[in-house]
Amino acid sequence: MPESKPDPVLSLQQLVVRYPGAAAATLDGLDLSLAAGERLALVGPSGCGKSTVARAVLQLLPAGSQCSGELRLQGQDPRTLRRGALRRLRGEAVGLVFQDPMTRLNPLLSVGDHLSDTLAEHRPSWRRRQVRQRAEELLERVGITPERYGNYPHEFSGGMRQRLAIALAMALQPALVIADEPTTSLDVAVAGQVMAELCQLCEEAGSALLLISHDLAMAGRWCDQIAVLDQGKRVEQASSHQLLTAPQSGLA
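Not measured: the values here are computed from a predicted model.

Provide a residue-level description of the overall build of the chain, including the pertinent values.
The number of helices and strands found in the chain is eight helices and nine strands. Taken against the 2.2 N^0.38 rule, which gives 18 Å for 252 residues, the C-alpha radius of gyration of the chain at 18 Å falls within 12% of a compact globule. Principal-axis analysis of the C-alpha atoms places the extent of the chain at approximately 50 × 50 × 40 Å. The buried share of the chain, reckoned over its 252 residues, is 46%. Restricting to contacts in the chain with at least 6 residues of sequence separation, those with at least 24 account for 66%. Of the roughly 12800 Å² of accessible surface on the chain, 46% is carried by carbon and sulfur atoms.

Mind laying out the pairing of strand E1 (residues 10-18), listing which residues take part and the relevant values?
Of the pairings in the sheet, the one linking E1 to strand E2 (residues 27-34) comprises six bridges and is antiparallel in character. Looking at E2, one finds that Leu15 is bridged to Leu30.

Explain the pairing of strand E9 (residues 233-239) to me, using residue names and the numbers behind them.
Bridge count between strand E8 (residues 225-230) and E9: six bridges; the pairing is antiparallel. The residue bridging Val228 from the neighbouring strand is Glu236, located in E9. From the end of E8 to the start of E9, which pair antiparallel, there are two residues, and Gln231 there has a positive phi angle of about 50°.

Account for the nonpolar core, naming residues and giving values.
The biggest cluster of nonpolar side chains holds 44 residues, and the ones touching the most others in it are Val97, Leu115, Ile166 and Leu198. Each residue touching Leu115, except ones within four places of it in the same chain, is listed here: Ala135, Leu138, Leu139, Leu164, Ala167, Leu168 and Ala171. Core analysis: the next-biggest nonpolar cluster, separate from the first, contains 32 residues, Leu34, Ala175, Leu176 and Ile178 among them.

Which residues make up unusual backbone geometry, and what are the values?
Although it is not a glycine, Gln14 sits at a positive phi angle of roughly 50°. Position of Gln14 among the secondary structure elements: in strand E1. Of note, the phi angle at Gln173 is positive, near 50°, even though the residue is not glycine. Inspection of the secondary structure puts Gln173 in the loop between helix H5 (158-170) and strand E6 (176-180).

Hey, could you go over the packing of aromatic side chains for me, with residue numbers and the actual values?
Under the definition given, this model contains zero aromatic pairs. Here the guanidinium or amino end of Arg132 rests over the ring plane of Tyr149, the centre of that ring lying 3.6 Å away. One cation-aromatic arrangement involves Arg148 over Phe156; the distance from NZ or CZ to the ring centre is 4.1 Å.

Tell me about the sheet that holds E1, residues and numbers included.
With respect to topology, three strands assemble into an open sheet ordered E2-E1-E4, the strand pairing being antiparallel. Looking along the sheet, the strands with just one partner apiece sit at the ends: E2 and strand E4 (66-73). Each strand axis lies, on average, 15° off the axis of its neighbour in the sheet, ignoring direction. As paired elements, E1 and E4 share seven bridges and run antiparallel to each other. Of the residues in E4, the one forming a bridge with Val16 is Ser68. Here helix H1 (residues 50-57) sits on the sheet in contact with E1, E2 and E4, set at roughly 110° to E1.

Just give me the short version of the sheet that holds strand E5 (residues 94-97), but keep the residues and values in it.
Taken in spatial order, the six strands make up an open sheet running E5-E6-E7-E3-E8-E9, and their pairing is mixed. Lying at the two open borders of the sheet, with one neighbouring strand each, are E5 and E9. Geometrically, the sheet is characterised by an average inter-axis angle of 20° between neighbouring strands, direction not taken into account. Here E5 pairs with E6 via four bridges, running parallel. Note that in E6 the partner of Val97 across the bridge is Ala179. Where helix H6 (residues 188-205) meets the sheet, it contacts strand E3 (39-43), E5, E6 and strand E7 (208-212), and its direction lies at approximately 150° from that of E7.

Rules and cut-offs
All residue numbers refer to positions counted from 1 along the written sequence of the respective chain. Totals for whole chains, interfaces and linings use all residues, but because this is a predicted model, local features are given only for residues with pLDDT of at least 70 and pairs of side-chain atoms are given and counted only at 80 or more. Each side-chain value is derived from all of the structure's non-hydrogen atoms; neither hydrogens nor water enter the calculation. The numbering of helices and of strands both runs from the N terminus, where a helix is a DSSP run of H or I of at least 4 residues and a strand a run of E of at least 2. Between the two quantities, the radius of gyration covers C-alpha atoms and the globule rule is 2.2 Å times the number of residues to the power 0.38. Throughout this description, buried means an accessible area under 20% of the type-specific maximum (1.4 Å probe, protein chains only), exposed means over 50%, and partly exposed covers the range between. Whether two residues touch is decided by their heavy atoms; if any such pair falls within 4.5 Å, the residues are in contact. Each accessible area is a Shrake-Rupley result for a 1.4 Å probe, and residues are judged covered by the shown protein chains and nothing else. Any two strands are treated as partners once DSSP identifies two or more bridges connecting them. We define a nonpolar core as any set of buried Ala, Val, Leu, Ile, Met, Phe, Trp, Tyr and Cys residues linked to one another through side-chain atoms lying within 4.5 Å. Working definition: a ring pair exists when centres of Phe, Tyr or Trp rings (six-membered ring for Trp) sit within 6.5 Å. Plane angles under 30 degrees give stacked, over 60 give edge-to-face, the rest tilted. By the criterion adopted, a ring carries a charge over it if an Arg CZ or a Lys NZ lies within 6 Å of its centre and within 35 degrees of its normal. Whenever a helix is involved, its axis is fitted only over the stretch in contact; in every case the axis is a line through C-alpha atoms, and angles between N-to-C directions fall within 0 to 180 degrees.

The values are spatial; any link to function lies outside them.
Encoded structure:
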């Protein structure tokens, strides 16, 4: 008998999302699937619903939003979970890297405390020394020396803050990492370094990567597959090489 394929890390089938008061759905029957270790870039014009995908997956939609269709994250439907279980799923199954980490970082916490708090909450059996050691390892892994453990986010450049965001996203070795326009505010050289670090960490952990971007060149460089989104639907998906050299939809 042929071996059965493992369940995908993320599976969306005919996903529909409508924001409160909106005349039309932002996602209108989206199909998307991502397996462990895969790297998929989601691209498309502004307003096509790219960032809504991330919000739907983690159920971070505004109150009153409608979300229907199939949504599976590591085999679970986050819409059915109670608050505590949803928080655990968000923390352990998915790592998020946002466009501007300063909007997500607490200015009153040092960079080390950001990591330590995350680790302590999800690894309650760990001793304080274990937590500190793991936090320092994560910082070193993204190019931040342990001597800067006590520094605050405002003391870091944009590139260094994005490295911290990557360390936070990878702290629990999640099955899926969602990076939403992670390099928009960075110059080209720093953006390349940040993406290289992110992809390397995903590879080491076996994490799938969903890169949300408007930059086709970056998508093609760092992802194996590209899916094109338009008006809330996937209109094309192919290998990066095929989509960049012979696109079928006219949107790439």
